[in-house]
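Chain by chain, the residues run as shown.
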Amino acid sequence: MKILFLTTILLSQNRNGGEVGTQCFIDGLKHQGHQVTVVGYLRKGDYLEKKNQDIIIVSERNTESRKAKISSVYWLLLSLLKGMPYSATKYYSRLYISIVKKYLLTEEYELIIIDHPQLGWLSHFLRQEDKFIAISHNIEHEMYQEICSKANNFISKFIYGREARLIKAEEDRLATIAKQVWTVTENDAKYFTNIKGAAQTIAFTQPPASEKLLDKPLTKNFDIGLLASWSWRANLESLQWFLGSVYPYLPTNLSIHIAGKGADWLTSNYPNIYYCGVVPDAQEFMAQARVIAIPTLSGGGIQIKTLDAIASGSSIVATPVALRGISDVPSTVQVAEKPEEFANFLISAVSLPFTHKAFEQAKNWYHIRQDKFIHDIASAINDL
């Protein structure tokens, strides 16, 4: 089957969880023998690790408001003029539209996939006979509602309240015009199923990142590891909670390594915390930690970093939110909600000897989840 896959940001060297999650679907479709052409933006100044003719770069673009500068003003004006969600105008462009029109005219696609509701506006340029699937990695409007509820001034409440309302309308609209809606948690699938006139909704057991797993355990080089893109609001909130509420309960002789972009302010502020920035291999970083802390407090969908952490074979201490949508976790995972309990689990995990059995258990967990994901994709395509 020839598939046109329309996404926001292409998987690149400077990746984040959302793009990795998207790549899992692309790889799953290719694993079934489908020919997939992927269209999307590349972050400005970034590059693709793997180039091939089936990847179409619309253009390079900064989509983080703080980096986009004057573009963010344009997106805001466009959002007001078109009545679109601000998060959708970040990806709106005539160039993207012209590329989609060109490929629909010159190629025969049996299926089109719109990845993320922020690209819902592309559905207006599909032909009536085009069959398409909408992928929702989380219930976007719920995240904006949560931010709105925490906002402490009228302007922020208005902005996030408006965003929640508009993105919900787009999520609901896509669910009623698509042939299928794909989600990554049962909870998200339940939301779409309850929309009147919604398409068939399928919840996938999303696997960890599609990269090759380590073939053997690595030497533990530090006690506690944290990894995320800290420039994202929800991740920053989690890190601040860890530092302010959990860290005071931890002995200062424990070495804590924090990786990921956006936390440069950590440098030299804590005697036993080492900021590593963006690491070349996330899986290797996590495998070198005696225990990985995942202190997530908010967000939607499933956390790719949690899946990757479990697959590394290291011990895990996570909040209940970090494990949303993830069931049947191995014995290496412990769940804690209160700061002192979280810290105590970390201290206990550091003192435990690492066993090869834990590594094998993690590998088996990964392969079972990967096989189910591939099977579910095949079933979903057959249902069409």
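Scope of this entry: the structure provided in the associated data block.

Reading the values: rules and limits
Residues numbered from 1 in each chain as written. Predicted model: local features only at pLDDT ≥ 70, side-chain atom pairs only at ≥ 80, totals over all residues. Heavy atoms only, no water. Helix = DSSP H or I, 4+ residues; strand = E, 2+ residues; numbered from the N terminus. Buried < 20%, exposed > 50% of the residue type's maximum accessible area, 1.4 Å probe, protein only. Lys, Arg positive; Asp, Glu negative; His and termini not counted. Salt bridge = Lys/Arg side-chain N within 4 Å of Asp/Glu carboxyl O. Polar contact = N/O pair within 3.5 Å; in protein donor to acceptor, adjacent residues only side chain to side chain. Contact = heavy atoms within 4.5 Å. Patch = residues over 30% accessible without salt bridge, like charges linked within 9 Å, V, L, I, M, F, W, Y side chains within 5 Å. Areas by Shrake-Rupley, 256 points an atom, 1.4 Å probe, with all protein chains shown as cover. Pairing = 2+ DSSP bridges. Axes fitted to C-alpha atoms, helices over the stretch in contact; angles between N-to-C directions. Core = buried A, V, L, I, M, F, W, Y, C linked by side-chain atoms within 4.5 Å. Phe/Tyr/Trp six-rings, centres within 6.5 Å; stacked < 30°, edge-to-face > 60°. Arc of directions from axis to C-beta.

**Description of the side chain of Asp115**
Positionally, Asp115 belongs in strand β4 (residues 111–115). This buried residue, Asp115, is left without a salt bridge; Arg43 holds the nearest opposite charge, at 12 Å. Polar contacts involving the side chain of Asp115 include one to the side chain of Thr7, which spans 2.7 Å. Excluding residues that lie within four positions of it along the chain, Asp115 makes contacts with Phe5, Leu6, Thr7, Thr8, Thr22, Ile135 and His137.

**Quick word on the environment of Phe125**
By secondary structure assignment, the location of Phe125 is in the loop between β4 and β5 (132–136). Beyond its immediate stretch of four places on either side in the chain, Phe125 contacts Ile97, Lys101 and Leu104.

**What about a nonpolar patch on the surface?**
The grouping of Ile70, Val73, Leu76, Leu77, Leu80 and Leu81 at the surface amounts to a nonpolar patch, some 650 Å² of accessible area in total. Following the sequence through the fold, Val73 ends up in helix α3 (residues 70–82). A relative accessible area of 44% means that Val73 is categorised as partly exposed.

**Concerning the sheet that holds strand β2 (residues 35–42)**
If you walk across this open sheet you meet the seven strands as β3-β2-β1-β4-β5-β6-β7, and the pairing is parallel. On the outer flanks of this sheet lie β3 (55–60) and β7 (200–203), each paired with one strand and no other. On average, adjacent strands in this sheet sit at an angle of 20 degrees to one another, irrespective of strand direction. Here β5 pairs with strand β6 (residues 180–183) via four bridges, running parallel.

**Here we look at the nonpolar core**
Core analysis: the largest hydrophobic core is formed by 47 residues, its most contacted members being Phe5, Phe25, Leu29, Ile113, Trp182, Phe204 and Ile316. The biggest single contributor to this core is helix α13 (residues 356–383), with six residues. Apart from the residues lying within four places of it in its own chain, the contact partners of Trp182 are Phe25, Leu29, Ile113, Ile133, Ala134, Ile135, Ser136, Ile202, Phe204, Ala380 and Ile381. Tyr92, Ile97, Ile99 and Tyr103 belong to the second largest nonpolar core, which has 29 residues in total.

**Quick notes on the packing of aromatic side chains**
The final tally for this structure, using the stated rule, is 15 aromatic pairs. With centroids separated by 5.2 Å and ring planes inclined at 80 degrees, the aromatic side chains of Tyr191 and Phe192 adopt a geometry described as edge-to-face. Under the relative-accessibility criterion, Tyr191 is labelled buried at 17%. Accessibility expressed as a relative area gives 2% for Phe192, which makes it buried.

**Observations regarding unusual backbone geometry**
A positive phi angle is found at His116, which is not glycine, with a value near 90 degrees. Tracing the backbone through its elements, the reader meets His116 in the loop between β4 and β5. The exposure class assigned to His116 is buried, which follows from its relative accessible area of 11%.

**What about helix α8 (residues 186–193)?**
Residues of α8 that are buried include every one of Asp188, Ala189, Tyr191 and Phe192, and no others. Down the axis of α8, the buried side of the element spans an arc of 155 degrees, and every buried residue falls inside it. Across α8 from its buried face, at more than 90 degrees, point the exposed residues Glu186, Asn187, Lys190 and Thr193. Buried-residue contacts for α8 involve β5, α6 (140–150), α7 (154–177), β6 and β7.

**Focus: the sheet that holds strand β8 (residues 222–227)**
Read across the sheet, six strands follow the order β10-β9-β8-β11-β12-β13 without closing on themselves; strand pairing throughout is parallel. Whereas interior strands pair on both sides, the edge strands pair on one side only; in this sheet they are β10 (273–277) and β13 (333–335). Between one strand axis and the next, the sheet turns by 25 degrees as a mean value, whatever way the strands run. Two elements, β8 and strand β9 (residues 256–259), share four bridges in a ladder whose sense is parallel. Note on β9: the bridge partner recorded for Leu226 is Ile258. Where helix α11 (residues 304–311) meets the sheet, it contacts β8, β11 (289–294), β12 (315–318) and β13, and its direction lies at approximately 160 degrees from that of β11. Strand contacts of helix α12 (residues 339–351): β8, β11, β12 and β13, with the helix running at about 165 degrees to β11, the strand carrying the most contacts.

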